[in-house]
Amino acid sequence: MINHLAPVQNPTPPSGSPVLVSGASFAGLATAFWLDRLGYQVTIIEVASGLRRGGTPVDIEGETIGILERMGMFDAVRARALPPRAFAFKDADDRSLGGFGVEGSSRARFEIHRDDLLDILFSGIDGSVEVLFGRSIKQLEDGPDGVTVTLDDGTRRTFALVFGCDGNRSNTRKLVFGDEENFTYFMGGYVYLKVVPVTGILPPNVSEVFSVPGRTAILNGYDDRTDIGLAFRTEGEIEYDYRDRAQQRALIRDHFDGLGWKVPTALKHVGTGDDFYFDRINQIRMPSWSKGRVVLVGDAGYCVSPVAGMGGSMAIIGAGRIADALERHGADYAAAFQDYHDKLHAFVEEVQERAANDGMATIFPTDDAEMTERDRKLREGELGL
Ligand SMILES: Cc1cc2nc3c(=O)[nH]c(=O)nc-3n(C[C@H](O)[C@H](O)[C@H](O)COP(=O)(O)OP(=O)(O)OC[C@H]3O[C@@H](n4cnc5c(N)ncnc54)[C@H](O)[C@@H]3O)c2cc1C
């Protein structure tokens, strides 16, 4: 159950102003929650016909815990936290090369299924915020009195502020800041993720990783499901049609056919279904996250990549920080947006740097030299995942 916060003592002026949030995932739902508490009149739009479900579990740690406590949601998160998971790197004969047992896992770090966290966050805004599914922003005009937004159904409304929380391929970012390629840092690979019912190929509450240079398979076992992750490295970006799911499945087969360990069984589960996530592994790096009355939160402004294991946390932290900045600066949204960036960007850069260097080399070693170094770190207990 969610304990709602008491209304804030000094609602941020201009209390009651209409504001728009684009995207109803972690960044969007958390941002909408805080804006509602600050007294804004919030509308949230989501391009999908409902909350976009699926995906692998989300890590909750560090500052995210404090923010969820302030939102009155931490007890609900903890109640649905997954049991701690052991983590093992394997060789082709399924021998363990090293890893972590559950005894070393910290209770200051939780994992929760993505859908459970979405439901908890959604219940925090349900009934108090206008939610429009199946809508997207078509046009934005930033003027002296607000941002006039045209939605894809043709409706036009003016908002005091617009929050782009629409993910790695953000529509808001594209409309306001331009071509996404200007802000996309390609990390040198592609990832396929699929959640399937229990496969029996690994015990529950265990993660296993198997790599050969340039290719990695990751399996996460739970009581009720198995995550299959398959990733391959490339020199540069490859051409593919993001709508063509059969082409993406073929790419995975081409890269993983013939590999040993549990890969043949994992490939059987690739099957023919379209219910998987496939994308390049990338980050979003921007010099600023706002322009005029429009500001970006979460992956839209600073995607840290799945390798960082912090995308969900970063979105919730971003939402909490933008709310703090708006509360601090009152009606001066420009100062609030600057403050939000100034106080958060160093942390974002640190997480991105760690993921792009150590994270990639550990989880997706690209050649024999990186494999050897990873194995040395495993033997000597130097890996800090
Ligand atoms: C279905 C799904 C599965 C995922 N699975 C994984 C996973 O397995 N592992 C992993 O590391 N990360 C995964 N992610 C990404 C992860 O959720 C994010 O990295 C992280 O949680 C940051 O959250 P976010 O809210 O900033 O972005 P996201 O979670 O990506 O959410 C963006 C939201 O904006 C919506 N949106 C997109 N375009 C528009 C538009 N034009 N108008 C309105 N709304 C729009 C999307 O539908 C989505 O609901 C997944 C994301 C989604 C949407």
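Keep in mind that what you see is a predicted model, and the values were worked out from it rather than measured.

Peer 1: Account for the packing of helix 6 (residues 245–256) against helix 7 (residues 263–270), with residues named and values stated.
Peer 2: At a minimum axis distance of 11 Å, the contact between helix 6 and helix 7 shows a crossing angle of 170°. Taken as axis vectors, helix 6 and helix 7 run roughly antiparallel relative to one another. Contacts between helix 6 and helix 7 involve R249, I252, R253 and F256 on the former and, on the latter, V263, L267 and V270. Looking at the contact of helix 6 with helix 7 residue by residue, the classes come out as five nonpolar, no polar and two charged.

Peer 1: Please give an account of the site of the ligand that cites residues and values.
Peer 2: Residues in close proximity to the ligand total 27 residues, the closest being S25, F26, E46, T56 and D299. A27 has a polar backbone atom sitting 2.9 Å from an oxygen atom of the ligand. A total of 910 Å² of accessible area belongs to the ligand in isolation, and the protein chains cover 86% of it. Elements with a contribution of two residues or more to the shell around the ligand: helix 1 (26–37), strand 2 (41–46) and helix 9 (311–329). Ranked by residues supplied to the shell around the ligand, first place goes to helix 9 with three residues.

Peer 1: Describe in detail the packing of helix 1 against helix 4 (residues 114–123), supporting the description with residues and values.
Peer 2: Contact geometry of helix 1 with helix 4 gives a least axis separation of 9 Å together with a crossing angle of 20°. Taken together, helix 1 and helix 4 sit at an angle that is classed as roughly parallel. In the packing of helix 1 onto helix 4, the handedness of the crossing is left-handed. Along its contact with helix 1, which presents F26, L29 and A30, the element helix 4 presents R114, L117, L118, L121 and F122. Split into classes, the residues belonging to the contact of helix 1 with helix 4 amount to seven nonpolar, no polar and one charged.

Peer 1: Quick one: what's the story with the packing of aromatic side chains, residue by residue and with numbers?
Peer 2: Under the definition given, this model contains 16 aromatic pairs. An aromatic cluster of three or more residues is present, and its members are F186, Y190, F232, Y240 and F278.

Peer 1: Describe in detail the domain arrangement of the protein, supporting the description with residues and values.
Peer 2: The domains assigned to the protein are domain 1 (18–84 + 108–183 + 283–361) and domain 2 (185–282 + 364–379). On a C-alpha basis, the centres of domain 1 and domain 2 stand 27 Å from each other. Every contact between the two is made by 24 residues of domain 1 and, on the other side, 22 residues of domain 2. Both faces combined, the contact of domain 1 with domain 2 buries some 1800 Å², and carbon together with sulfur accounts for 52% of it. Linking domain 1 with domain 2 are three salt bridges, by the criterion used here. At the junction of domain 1 with domain 2, the criterion picks out seven residue pairs in polar contact (both at pLDDT 80 or more). Where the side of domain 1 that touches domain 2 is concerned, the elements lending two or more residues are strand 16 (277–284) and helix 10 (333–363). Looking at side-chain class alone, the side of domain 1 that touches domain 2 contains 13 nonpolar, seven polar and four charged residues.

Peer 1: Explain the pairing of strand 2 residue by residue, including any values.
Peer 2: Taking burial as the measure, the six residues of strand 2 include five buried ones, the bulk of the element. For strand 1 (residues 18–22) and strand 2, the ladder comprises five bridges, and the chain directions are parallel. Residue pairing across strands places P18 opposite Q41, the latter belonging to strand 2. On the question of chirality, the crossover connecting strand 1 to the parallel strand 2 by way of helix 1 is right-handed. Taken together, the four bridges between strand 2 and strand 7 (residues 130–133) define a ladder with parallel strand orientation. Across the sheet, I44 pairs through a bridge with V131, a residue of strand 7.

Peer 1: Now, about the sheet that holds strand 5 (residues 96–100): what can you tell me, with residues and values included?
Peer 2: Either a parallel or an antiparallel arrangement is found when strands of a sheet pair, and the pairing is made through backbone hydrogen bonds. Strands sit in the order 5-4-13-14-15-12-16 across an open sheet of seven strands; the sheet is mixed. Either end of the sheet is taken by a strand with one partner, and the two such strands are strand 5 and strand 16. Each adjacent strand pair in this sheet contributes to an overall mean axis angle of 20°, direction not counted. Sheet analysis places strand 12 (residues 184–196) next to strand 15 (residues 226–233), joined by eight bridges and oriented antiparallel. Residue pairing for strand 15: V191 is matched across the bridge by A231. Against the sheet, helix 7 touches strand 12, strand 13 (206–212), strand 14 (215–221) and strand 15, its axis set at about 80° to strand 12. Against the sheet, helix 10 touches strand 4 (86–90), strand 12, strand 13, strand 14, strand 15 and strand 16, its axis set at about 135° to strand 16.

Peer 1: For the pattern of salt bridges, give the residues involved together with the corresponding values.
Peer 2: Going through the model one piece at a time under the given rule, you end up with 34 salt bridges. Across the pair R37 and D36 runs a salt bridge whose closest N-O atoms are separated by 2.8 Å. Each member of the pair, R37 as well as D36, is classed as buried. Each of R169, R173, E180, E181, E237, D279 and R280 takes part in salt bridges that share partners, so that together they form one network.

Criteria and cut-off values
Residues numbered from 1 in each chain as written. Predicted model: local features only at pLDDT ≥ 70, side-chain atom pairs only at ≥ 80, totals over all residues. Heavy atoms only, no water. Axes fitted to C-alpha atoms, helices over the stretch in contact; angles between N-to-C directions. Helix = DSSP H or I, 4+ residues; strand = E, 2+ residues; numbered from the N terminus. Parallel < 35°, antiparallel > 145°, perpendicular 65-115°, else oblique. Contact = heavy atoms within 4.5 Å. Nonpolar A, V, L, I, M, F, W, Y, C, P; charged D, E, K, R; others polar. Near = heavy atom within 4 Å. Polar contact = N/O pair within 3.5 Å; in protein donor to acceptor, adjacent residues only side chain to side chain. Areas by Shrake-Rupley, 256 points an atom, 1.4 Å probe, with all protein chains shown as cover. Left-handed = near helix turned anticlockwise from the far one by under 90°. Phe/Tyr/Trp six-rings, centres within 6.5 Å; stacked < 30°, edge-to-face > 60°. Domains from an automatic or database assignment. Buried area = accessible area lost by both parts, 1.4 Å probe. Salt bridge = Lys/Arg side-chain N within 4 Å of Asp/Glu carboxyl O. Buried < 20%, exposed > 50% of the residue type's maximum accessible area, 1.4 Å probe, protein only. Pairing = 2+ DSSP bridges. Right-handed = clockwise from strand over helix to strand, strands pointing away.

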